[in-house]
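Listed below, chain by chain, are the residues.
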Amino acid sequence: MSDLSSRPDDAAVGLTIPHESASLHVTGAALYTDDLVGRTRDVLHAHPVQAPHAHARVTGLRVDAAHDVPGVVRVLTADDVPGVNDAGVKGDEPLFPSEVMYHGHAVCWVLAETLEAARLGAAAVEVDYDPLPAVIGLREAIAAGSFQGGQPTVERGNVEDGLAGSARVFSGEVEMSGQEHFYLETMASLAQVDEAGQVFLQSSTQHPSETQEIVAHVLGLSNHQVTVQCLRMGGGFGGKEMQPHGYAAIAALGATLTGRPVRLRLNRTQDLTMTGKRHGFHAQWRVGFDADGRLQALDATLTSDGGWSLDLSEPVLARALCHVDNAYWIPHVRVNGRIARTHKTSQTAFRGFGGPQGMLVIEDILGRCAPLLGIDADELRRRNFYVDGQSTPYGQPVRHPERVATAWQRVLESGDVARRRAEIADFNRRHPHTKRGLALTPVKFGISFNFTAFNQAGALVHVYKDGSVLINHGGTEMGQGLHTKMLQVAATTLGVPLERVRLAPTRTDKVPNTSATAASSGADLNGGAVKHASEQIKARLAEVAAGRELAWEDLVREAYFSRVQLWAAGFYRTEGIEWDSSVMRGHPFKYFAYGVAATEVEVDGFTGAYRTRRVDIVHDVGDSLSPLVDLGQIEGGFVQGAGWLTLEDLRWDESDGPSRGRLATQAASTYKLPAFSEMPEEFNVSLLERAHEDGAVYGSKAVGEPPLMLAFSVREALRQAAAAFGPAGTSVDLASPATPEAVYWAVEDARAGRTDGRVLEGLPGRVPDQPGADAHALHPRSEQVARSVPAEVRS
Ligand code: MTE
Ligand code: MOS
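Bear in mind the structure is a predicted one, so any value in this text is a computation, not a measurement. (Residues numbered from 1 in each chain as written. Chains lettered and ligands numbered in written order. Predicted model: local features only at pLDDT ≥ 70, side-chain atom pairs only at ≥ 80, totals over all residues. Heavy atoms only, no water.)

(A) Main features of the overall build of the chain. Scanning the chain for helices and strands turns up 20 helices and 28 strands. Expected size for 795 residues packed as a compact globule is a radius of gyration near 28 Å; at 27 Å, the chain falls within 12% of this value. Reported as C-alpha extents along the three principal axes, the dimensions of the chain are approximately 80 × 75 × 45 Å. Of the contacts made within the chain by residues no fewer than 6 positions apart, 83% connect residues no fewer than 24 positions apart. Carbon and sulfur atoms make up 52% of the accessible area of the chain, which amounts to about 28,600 Å² in all. For the chain, the distance from the average position of its 75 positive side-chain charges to the average position of its 97 negative side-chain charges is 3 Å. (Helix = DSSP H or I, 4+ residues; strand = E, 2+ residues; numbered from the N terminus. Rg over C-alpha atoms; globule rule 2.2 N^0.38 Å. Contact = heavy atoms within 4.5 Å. Areas by Shrake-Rupley, 256 points an atom, 1.4 Å probe, with all protein chains shown as cover. Lys, Arg positive; Asp, Glu negative; His and termini not counted. Charge placed at Lys NZ, Arg CZ, Asp CG, Glu CD.)

(B) Looking closely at the sheet that holds strand β17 (residues 434–447). Here we have four strands laid out as an open sheet, ordered β17-β25-β26-β27, and mixed in their pairing. The two strands at the open ends of the sheet, each matched to only one other strand, are β17 and β27 (682–687). Across this sheet, the average inter-strand angle for adjacent strands is 15°, counted without regard to direction. Where β17 meets strand β25 (residues 591–604), 14 bridges bridge the pair, whose relative direction is antiparallel. Its bridge partner lying in β25, Leu438 is registered against Glu600. (Pairing = 2+ DSSP bridges. Axes fitted to C-alpha atoms, helices over the stretch in contact; angles between N-to-C directions.)

(C) Highlighting helix α10 (residues 355–373). Its 19 residues place the ends of α10 26 Å apart at the C-alpha level, agreeing with the 27 Å of an ideal helix rising 1.5 Å per residue. The element α10 is extensively covered by neighbouring structure, given that 17 of its 19 residues are classed as buried. The first or second residue beyond α10 is Gly374, which carries a positive phi of 70°. (Expected span 1.5 Å × (residues − 1). Buried < 20%, exposed > 50% of the residue type's maximum accessible area, 1.4 Å probe, protein only.)

(D) A look at the environment of Ala491. As for its position among the elements, Ala491 is in helix α14 (residues 482–494). For the pair Ala491 and Arg660, spaced 169 residues apart in sequence, the C-alpha to C-alpha distance is 56 Å.

(E) Seen up close, the nonpolar core. Ranked by size, the top nonpolar core spans 104 residues in total, and within it Trp285, Val287, Phe289, Leu298, Leu302, Phe638 and Leu718 carry the most contacts. In this view, Phe638 contacts Ala597, Thr599, Val615, Ile617, Pro680, Phe683, Pro707, Leu708, Leu710, Ala711, Ser713 and Val714; residues no more than four positions away in its chain are not counted. (Core = buried A, V, L, I, M, F, W, Y, C linked by side-chain atoms within 4.5 Å.)

(F) Representation of the site of ligand 1 within the structure. Every one of the 18 residues lining ligand 1 counts as a neighbour, but Gly236, Phe237, Met478, Gly522 and Gln633 are closest to it. In the environment of ligand 1, a nitrogen atom lies 2.9 Å from a nitrogen or oxygen atom belonging to the backbone of Met478. Between ligand 1 and Gly522, the relevant distance is 2.7 Å, taken from an oxygen atom to a main-chain nitrogen or oxygen of the residue. Considered on its own, ligand 1 offers 520 Å² of accessible surface; in the complex 91% of this is hidden by protein. (Near = heavy atom within 4 Å. Polar contact = N/O pair within 3.5 Å; in protein donor to acceptor, adjacent residues only side chain to side chain.)

(G) The sheet that holds strand β6 (residues 126–131), seen in detail. Within the open sheet, the three strands sit side by side as β4-β2-β6. Their pairing is antiparallel. A single partner strand is all that each edge strand has here, and the edge strands are β4 (99–100) and β6. With two bridges joining them, strand β2 (residues 56–62) and β4 adopt antiparallel strand pairing. Each bridged residue has a counterpart across the sheet, and for Arg57 the counterpart in β4 is Glu99.

(H) Broad picture of the confidence of the model for the chain. Summary statistics for the chain give a mean pLDDT of 95 and a share of 96% for residues scoring 70 or more. Predicted confidence is poor over residues 773–795, with pLDDT under 50, and the contacts of this stretch with residues over four places away or in other chains come to 38 contacts. (pLDDT = per-residue confidence, 0-100.)

(I) Structural detail: the packing of aromatic side chains. As enumerated under the stated definition, the model contains 17 aromatic pairs in all. Look at Phe451 and Phe454: their rings are 4.9 Å apart centre to centre, the planes differ by 80°, and that puts the pair in the edge-to-face class. An aromatic cluster of at least three residues, connected via ring pairs, comprises Tyr394, Trp579, Phe589, Phe592 and Tyr594. When the ring centre of Phe350 is taken as origin, the NZ or CZ atom of Arg278, which lies over that ring, is 4.4 Å away. The cationic tip of Lys531 hangs over the ring face of Tyr698; the distance from NZ or CZ to the ring centre is 5.2 Å. (Phe/Tyr/Trp six-rings, centres within 6.5 Å; stacked < 30°, edge-to-face > 60°. Lys NZ or Arg CZ within 6 Å of the ring centre and 35° of its normal.)

(J) The arrangement of the pairing of strand β22 (residues 567–573) in detail. Alternating residues of β22 divide into Ala568, Gly570 and Tyr572, all buried, and Trp567, Ala569, Phe571 and Arg573, none buried. Judged from the seven bridges that link them, strand β18 (residues 456–463) and β22 form a sheet pairing that is antiparallel. Paired with Leu460 across the two strands is Ala569, which belongs to β22.

(K) Molecular detail of the packing of helix α6 (residues 208–219) against helix α7 (residues 244–258). The geometry of α6 relative to α7 is characterised by a closest axis approach of 9 Å and an angle of 45° between their N-to-C directions. Judged by the inter-axis angle, α6 sits oblique to α7. α6 and α7 meet at a crossing whose hand is right-handed. Contacts from Glu210, Thr211, Ile214, Val215, Val218 and Leu219 of α6 reach α7 at His245, Ala248, Ala249, Ala252, Leu253 and Thr256. Taken together, the residues of the contact of α6 with α7 sort by class into eight nonpolar, three polar and one charged. (Parallel < 35°, antiparallel > 145°, perpendicular 65-115°, else oblique. Left-handed = near helix turned anticlockwise from the far one by under 90°. Nonpolar A, V, L, I, M, F, W, Y, C, P; charged D, E, K, R; others polar.)

(L) The pattern of salt bridges, seen in detail. Within the structure shown, the criterion is met by 59 salt bridges. In this structure, Lys531 engages Glu535 in a salt bridge whose closest nitrogen and oxygen atoms are separated by 2.8 Å. Taken as a pair, Lys531 and Glu535 lie in helix α15 (residues 522–545) at a separation of four residues, close to a single helical turn. Judged by its relative accessible area of 5%, Lys531 falls in the buried class. For Glu535, a relative accessible area of 36% puts it in the partly exposed group. The partner of Asp749 in a salt bridge is Arg754, and the shortest N-O contact between them spans 2.8 Å. A network of salt bridges, in which partner residues are shared, links Glu363, Asp364, Arg368, Arg381, Arg715, Glu716, Arg719 and Asp733. (Salt bridge = Lys/Arg side-chain N within 4 Å of Asp/Glu carboxyl O.)

(M) Structural detail: the pairing of strand β10 (residues 188–193). Two elements, β10 and strand β13 (residues 262–265), share four bridges in a ladder whose sense is antiparallel. Across the sheet, residue Ala188 finds its bridge partner in β13, namely Arg265. As defined by bridge partners, β10 adjoins strand β11 (residues 199–203) across five bridges and the pair is classed as antiparallel. Within β11, the position partnered with Leu190 by the bridge is Gln202. With antiparallel pairing between neighbouring strands as the criterion, β10 and β11 make up a hairpin whose turn holds five residues, including Gly197 at a positive phi of roughly 80°.

(N) Quick look at the side chain of Glu693. Positionally, Glu693 belongs in the loop between β27 and α18 (712–723). Separated by 2.8 Å, the side chain of Glu693 and the backbone nitrogen of Gly695 make a polar contact. For Glu693, the residues in contact, after removing those within four places along its chain, are Ser5, Arg399, His400, Tyr591, Gly699, Ser700 and Lys701.

(O) Just the packing of α10 against α18, in detail. Put simply, α10 and α18 touch, their axes get as near as 11 Å, and they point 25° apart. Taken together, the axes of α10 and α18 are roughly parallel relative to one another. Here α10 runs over α18; the crossing is right-handed. Between α10 and α18, the contacting residues are Pro356, Met359, Leu360, Glu363, Asp364, Gly367 and Arg368 on the first element and Phe712, Arg715, Glu716 and Arg719 on the second. Of the residues belonging to the contact of α10 with α18, the class tally is four nonpolar, one polar and six charged.

(P) View of unusual backbone geometry. Pro737 follows Ser736 through a cis peptide bond whose omega is 10°. Along the polypeptide, Pro737 turns up in the loop between α18 and α19 (740–751). Backbone geometry places Phe182, a non-glycine residue, at a positive phi of 45°. Positionally, Phe182 belongs in the loop between β9 (168–176) and β10. According to the relative accessible area criterion, Phe182 is buried, its value standing at 14%. Backbone geometry places Ser448, a non-glycine residue, at a positive phi of 135°. For Ser448, the position within the fold is in the loop between β17 and β18. For Ser448, a relative accessible area of 3% puts it in the buried group.

Next up, the structure:
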């Protein structure tokens, strides 16, 4: 056991306690950024002028009429920017654009005494547009060669040899849609300026240090003149990793120019139409199996839909490429990646950060090829698990691969899977119009930022004279329970009761140069830093105590009078990781988080409607820092993943009409989120036992993102159920998301004995070409699906 991972007796970590703000959340007392507006005097409100074109040049901008609207104070345009007119870090995101790049792009912003006045002012602004051709669909972008950013490849072995030596070779393609974050709290910032022009920004951001940097470069200030505070977020899910910066910069610019506090909070429609989402992906692939169904080779090209600018598309793509293997050993691999540029919102981080999209490719392949191989899908998966001594396609040894097999076995047992399978077979025999399916899928997810430099964190721990403790760390709280865990870590290291420790909001003037709270690494990184700071104080106190048994308060008082420093800054960096993005090789992850889920569904053959009857999960969180928090993360992640894979259906207008490029699903009325009615009827989650992780704080593992991918079991169960409507051995091509409509078409295909038309088998010794996205026919059902787009439904 390492120093980092070993736990003292009576540790506060591992206690089953509620989220530190749980009672504030449920009573409505918890303060979010926009709640501060009511507590601040003379606030101005910002409203965007959104372009009604997907792609257009701005040829004229007349703001005078806005000034005639009572209450309007100022209109912010590109001319007002003292520094760099860019909201990102790649130089491709003009804050005030001269070229509109997506439907709803903000051209300028109006500040007014009330939000309503700002809205009326924005409506009065006159903008002339010269419309330009717009690329909307991902296939369209591929066909047009519309790409942006690097085109990396992860490669091991020789794919052609591997395919040539395979007993069975298949080729096919798959598409998956993006996902709206739908955090309950939309983007929000409140900016204030002091007498020296220093900016204080309250922002709902996962990355306060980067918000600070972008605000500084837009305003032409140094970082030390800008302070960003994040009280907490009402959800981020990756959506606030990069995208709050521009909105914060608008608020800061407005505050600088008017001398008054400026509040910018997007309403729901604005948030949906302006901010980035999970990347949709397209993948084309060839795969080879030996006679026993063991994966031999995978050749794939993944294309993500990046939207109008790069934002985080490159690292998201890198993670997708690094997760194509999921939990499976594939000797020969070549995975190419590219990012399409389309005239849509700039797609961004979303829980899993490309990992889910990469993993969907292999899970889809296994689900579709299993019937063609004549092997049960669960057995095909199990047969291909990594074993000790093997490494990933990018060269990292897979440590503890046996945890997947263990979790798999636990789920089989606790989920009573063998008995239920027999029951399901019997049920399906007796019910021609209703079928059930049950599927198990594994998760292996790499923990750490691929970009090595981000794997550092800081903390500040103060012990006051009365023995009370205040901690600050670089991570942000978005509901995931990071602060709860940090309180537990500080209490454990200092050896004080939890009630003695308080946590202050995240601020860039307390802990500088922080990384985004992302990649699920918040607790690993900040926990390491909090522990480090606490240990320094603890060591000094031990000297004061000199072997005596003193009560904490007495010891602290004595230390103070002995002039011993009672506060410390802590720092942590993850050791033993490296990544070379130029060749896509290295050891980027400190460890892997593992899990297995079994899901049973029931599908109605008349409508495609389905229910999730039961879910059993065994998930590896190491030695949990906070079991209740982790349980919530597993349940929430699973449900969010099920939403992505089965319900949430982003639709953009791809017609040639005037609203081309408009997001058609602009509200919860047309964008179906998981709700109580979609919860699994029986939902059993347990933590993998004896799962100590030597390389992380107090033996724990990250939990934020990995459980999302347990939801593949829902998709695969739906595939099984749909297949049950057809003859034995039917391979089912299931669209993603597998909405009831998509399931209905899959059922229809299965019933008609139409086996998956998009998987082609190569002849022995003759490997099929990778099907080209452009050369290939559209999904046979895409016409029907397209027709079902709600025409201009307004919220
Ligand atoms: N849980 C809640 N309740 N709200 C969130 O916004 N974000 C997820 C996950 N769990 C999120 C959440 C994402 S995308 C990440 S990367 C992690 O939390 C970030 O927090 P952590 O690093 O502390 O796990
Ligand atoms: Mo999470 S997508 O890494 O913010």
